[in-house]
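Structure at a glance
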Amino acid sequence: MRRENTIANMDWLTVLMYLLLVFFGWLSIYSASSDEEVVNVFDFSQRYGKQIVWIGLALLLAVVILIIDAQFFSAFSYIIYFSILLLLMAVLLFGKTVAGSKSWIDLGSLSIQPAEFAKFATALALYRYLSSINTNIQRLKTKLVSVVIITLPALLILLQNDTGSALVYAAFVLVLYREGISGAFIVVGVFAALLFILTLLFGEVWVSAGVTVIAVLLFALFKKMRKRIKPLLAGMLFSIVFVFSVNYAYENVLATHQKKRINVMLGIEKDPSGAGYNVNQSKIAIGSGGLKGKGFRKGMLTRYHFVPEQTTDFIFCTVGEEWGFAGTSTIILLFVFFLIRLIVLAERQKSHFSRIYGYAVASIFFFHFAVNIGMTIGLAPVVGIPLPFFSYGGSSLWAFTILLFIFIKQDANRLNLL
Amino acid sequence: MGIFILIGLVFMIRLYFLQVTDNRYQHTAENIVLRYVTQYPARGRIKDRHGELLVFNNAAYDLMVIPRQVKAHDTALLCRMLGIDREEYEKQLQKAMHYSYYKPSVFARQISKSDGGLIGEELYRFPGFYLQTRTLREYPRPIAAHLLGSIGEVGKKEIEKDPYYRTGDYIGKSGIEKYYENDLHGKKGMKVLAVDVHNREKGSYQDGRYDTLAVPGKDIFISLDADLQSYGEQLMQNKKGSIVAIEPGTGEILAMVTSPGYDPNMLVGRKRSENYRALRDDTLKPLLNRAISGTYPPGSTFKMINALIALQEKAIRPQTKFNCMGPLSAPIKCTHNHKSPLNLEEAITQSCNPYFWNTFKSTLNKPGDVKQGFENWHRDVVSLGFGTKFNTDIPYEVSGNIPSRAYFDKLYRGSWNALTVRSLSIGQGEILVTPIQLANLVAVIANKGFYYPPHLLRKIEGKEGFPEKFTRKQVSTIEAKHFDIVQKSMLDVFEGQHGTARWYKMDSITQCGKTGTVQNPHGEDHSLFIAFAPLENPQIAITVIVENAGFGSTWAAPIASLMIEKYLTGEVKRKGIEQRMLESDLIHGEKEKTDNN
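What counts and how
Residues numbered from 1 in each chain as written. Chains lettered and ligands numbered in written order. Predicted model: local features only at pLDDT ≥ 70, side-chain atom pairs only at ≥ 80, totals over all residues. Heavy atoms only, no water. Axes fitted to C-alpha atoms, helices over the stretch in contact; angles between N-to-C directions. Helix = DSSP H or I, 4+ residues; strand = E, 2+ residues; numbered from the N terminus. Parallel < 35°, antiparallel > 145°, perpendicular 65-115°, else oblique. Left-handed = near helix turned anticlockwise from the far one by under 90°. Contact = heavy atoms within 4.5 Å. Nonpolar A, V, L, I, M, F, W, Y, C, P; charged D, E, K, R; others polar. Buried < 20%, exposed > 50% of the residue type's maximum accessible area, 1.4 Å probe, protein only. Salt bridge = Lys/Arg side-chain N within 4 Å of Asp/Glu carboxyl O. Expected span 1.5 Å × (residues − 1).

**Observations regarding the packing of helix α4 (residues 71-94) of chain A against helix α6 (residues 140-159) of chain A**
Residue and element names in this part refer to chain A. Running from amino to carboxyl end, α4 crosses α6 at an angle of 20°, the nearest separation of the two axes being 9 Å. With respect to their mutual orientation, α4 and α6 come out roughly parallel. The handedness of the crossing between α4 and α6 comes out as left-handed. Taking contact as the criterion, the partners of Tyr81, Leu85, Leu88, Met89 and Leu92 in α4 are, on α6, Val148, Ile149, Leu152, Pro153, Leu156, Ile157 and Leu159. A breakdown of the residues in the contact of α4 with α6 according to their chemical character gives twelve nonpolar, no polar and no charged.

Here it is, written out as structure tokens:
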């Protein structure tokens, strides 16, 4: 009975969008990775062939998740979380290095990337912890433990030299926000990021001057502010100290290639053959698509390998080049609807647990979506993270599928919990 | 939820600008993916009047480089194969990178077929380099370098002037190659290939829909007689000077020799610039085409002009006699020992200076106003082709100088008469002429009063019509009847008892000529001779000038006569004269003398 229940209560709209995204993803991989005129779709030595296998296995995983008892993931969340942490440590010891990141475990003919799976494990652990009875996000202890749950895998991934994946964990801040952490954290975070960028662009002195001017203006224009002279002053001073520490942090903490990527994105540095090469080529490919695109399998730049990582991180270029603005806006709309749908689902959850998890899922997808597409069109620095369901690769597809379907299962089960 | 929509919106706006409004990316994309391979047409060949090949093409290669694709390689091996040093290697690579990081540029040019083959086999070791087929000019006979000219890479100005040319293209730099560049170069084609990021060709773009075929250049037949030209060059070797031979009936140039010259093959291929520098710096000026760029006082050859003008202006009649007092004559003395008084015919044959001084004076004084007389004289001289350019098809022609009335008015502040400008009567003074102008004068005499502008072009293969300027008959102010006596006196130069070229008379051909021994301020007299033959039906009009060689009858006359024999009979039977001309060295002997001192 329960199974029928699941099928009946499942949110088929989400599943449909998932299938559409996966399908479009495969089409893009097929187009980008098939050089020859005549191709065998089931040629498993090619990426488009392999991806069919990965998709098949992902669907199988989805079905398995739907069959398993909904309580399973809640019950085993910590175990899954700690196993993944162990796996991440194992990667550091035995992993193989691909493209500068030591993040792969070689299992004979198959390599998997534990960092991908760590996302859903973290989401599970976080939701398990926050939904337990004796936690309250307003309490310091809860905050600290939440932060530890998030940062532990992030740190391990950072050690693997996979900065992009580690950054995804910043997405969990959104979850915490939904669960009651003060909005001030986010405001401060965004403000700090803004200061960071402005400092790199215009130098410490100008930004400090700007901060001072804003503070004086606030003080002069708003009566309310006059009563809060102390916090205003403190904020200003902190900002200035922060601004002056930016350069130090920038010079000493970030690696050269990371600095370069940031510089290229901010337009400080023009280097179309080095760090900016990927972005430049990517922009050319997308830009050359025009309104309607060049047509399926007609994208010269993506098919002839002018865009690096064209089946993985830069898969969006194929969409842009072959389907034009019509294609890219369709995919973006699809993603936006998908994300909104996830939030709608999360909000209708009766259990705390499911809701937190739902937000975590949406946040992770959102982060990937925003950063990946952002970098292909030059709006975000190049960090190597995949576009969910689109990018080639078993690990990411499976991890995203698991992440999503655990939530779909929770959602289908929401009535049972009553 | 708001943030999702916001980011989605931001992305879509950005994409709209990127994809729809900004079409800069489309162009960039095309340039990256499509390789436009220029199909160079074969340059037209150049043949002589009998169809003998003078210039043809030989396969050669340019080594191209795309800096972006260059990876570490065995630099030493590449340098060795190209015969360049490390410094040159760096220089070329820097140059290529300066031009474009992505686009190919020429790394080493004009590599011979065999060298290119060797490099081609090793090319896999040098990523980023590839060979492009080009053509090299080749000259089966080392003759007529100045006329044929050479090709070289286009310069910036040439590219600006004509958008047909692209950096690295070749263009005619001198001679026929330059003048008929548009007919010779053909039309470049373009092959559009799709390439991948490794620059591997992925085949024709859209089945070659955008390809254009190269159109080969047109072959050009020039009026030169290769055998005569070659013979002339041999006769002139080790002498300074030039020969110009014209077919009087058409103005076609049969031979044009300048000496010292050079082998046209020297200015081909990778040695071009090195050799060019050497030739440019040579004190004997081998790059100068003396036949059209060299100016000389015409000396005694000009006496015939003054005779013709005097007859035309009715200043004298053929029977008119003047006295000659030999070395005692005034204002111009005569060094030729002959009878006195003498008539016009005798005066030409004997080259009597006082006779022509009197003739000139009569011409100028005829209208009663010496300046009007001078203007008539000037008009007549110019009508014979002097003082202006023919605008022929050999670049770098100069106009020489026939002084004008205005010039003398200014020089002598208006106060001058025949006596003041007396040097003009014997072809000295301010008069400067080029060898081609003198050859043309002979043609006018042979034609009895007209000429066609001298030119090299005979036919452009596959092109209708002929430049009108070469077929426009130029009629001089001298009436035909006045030429008989001049022709007869020129015949006497060879056939007469006292003729100055009587040693070079031939029984089979009636030659007509006139010697000139030209005083010049730079050293010994120039030896000058003009001639045409045969008298009855002139086929060849010729000028020979041998610089600083002394009497016209010693050097220029035999050379002219041998050229006439060669052209009209095909072979030279007077081996003795030929041998003397071939063996004499009027340059290096002098040099050695000074060296020894």
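**Overview of the side chain of Ser146(A)**
Tracing the sequence through the fold places Ser146(A) in helix α6. Judged by its relative accessible area of 0%, Ser146(A) falls in the buried class.

**Some points on unusual backbone geometry**
Excluding glycine, most residues fall at negative phi; most peptide bonds, likewise, are trans. Residue and element names in this part refer to chain B. At the junction of serine 259 and proline 260, the peptide bond is cis and its omega measures out at 0° in the coordinates. For the bond running from alanine 533 to proline 534, omega is -15°, close enough to zero to count as cis. Within the element layout of this structure, proline 534 appears in the loop between β17 (523-533) and β18 (540-546). One non-glycine residue, asparagine 238, lies in positive phi territory at about 65°.

**Some points on the pattern of salt bridges**
Tallied over the entire structure, the rule returns 35 salt bridges over all chains. Between Lys47(B) and Asp219(B) there is a salt bridge, and its shortest N-O distance comes to 3.8 Å. In this pair, Lys47(B) is assigned in strand β2 (residues 46-47) and Asp219(B) in the loop between β9 (201-204) and β10 (220-222), connecting sequence segments 172 residues apart. The class of Lys47(B) is buried, set by a relative accessible area of 14%. Asp219(B) sits in the buried class, given a relative accessible area of 10%. For the salt bridge of Glu495(B) with Lys505(B), the shortest nitrogen-to-oxygen distance reads 3.9 Å. Taken as a pair, Glu495(B) in helix α20 (residues 483-495) and Lys505(B) in the loop between α20 and β16 (512-520) lie far apart in primary sequence, ten residues in all. Here Glu495(B) falls in the partly exposed class, since its relative accessible area comes to 32%. On the accessibility criterion, Lys505(B) (36% relative accessible area) is partly exposed. Connected via shared salt-bridge partners are Asp11(A), Arg341(A), Arg348(A) and Asp411(A).

**What about helix α18 (residues 435-447) of chain B?**
All names here are of chain B. Given a rise of 1.5 Å per residue, 13 residues ought to cover 18 Å, and the 18 Å separating the end C-alpha atoms of α18 matches this to within 8%. For α18, a buried count of 13 out of 13 residues is recorded, marking the element as mostly surrounded by other parts of the structure. Lysine 448 occupies a position one or two residues after α18 and carries a positive phi of about 60°.

Any functional reading would require information that these geometric values do not contain.
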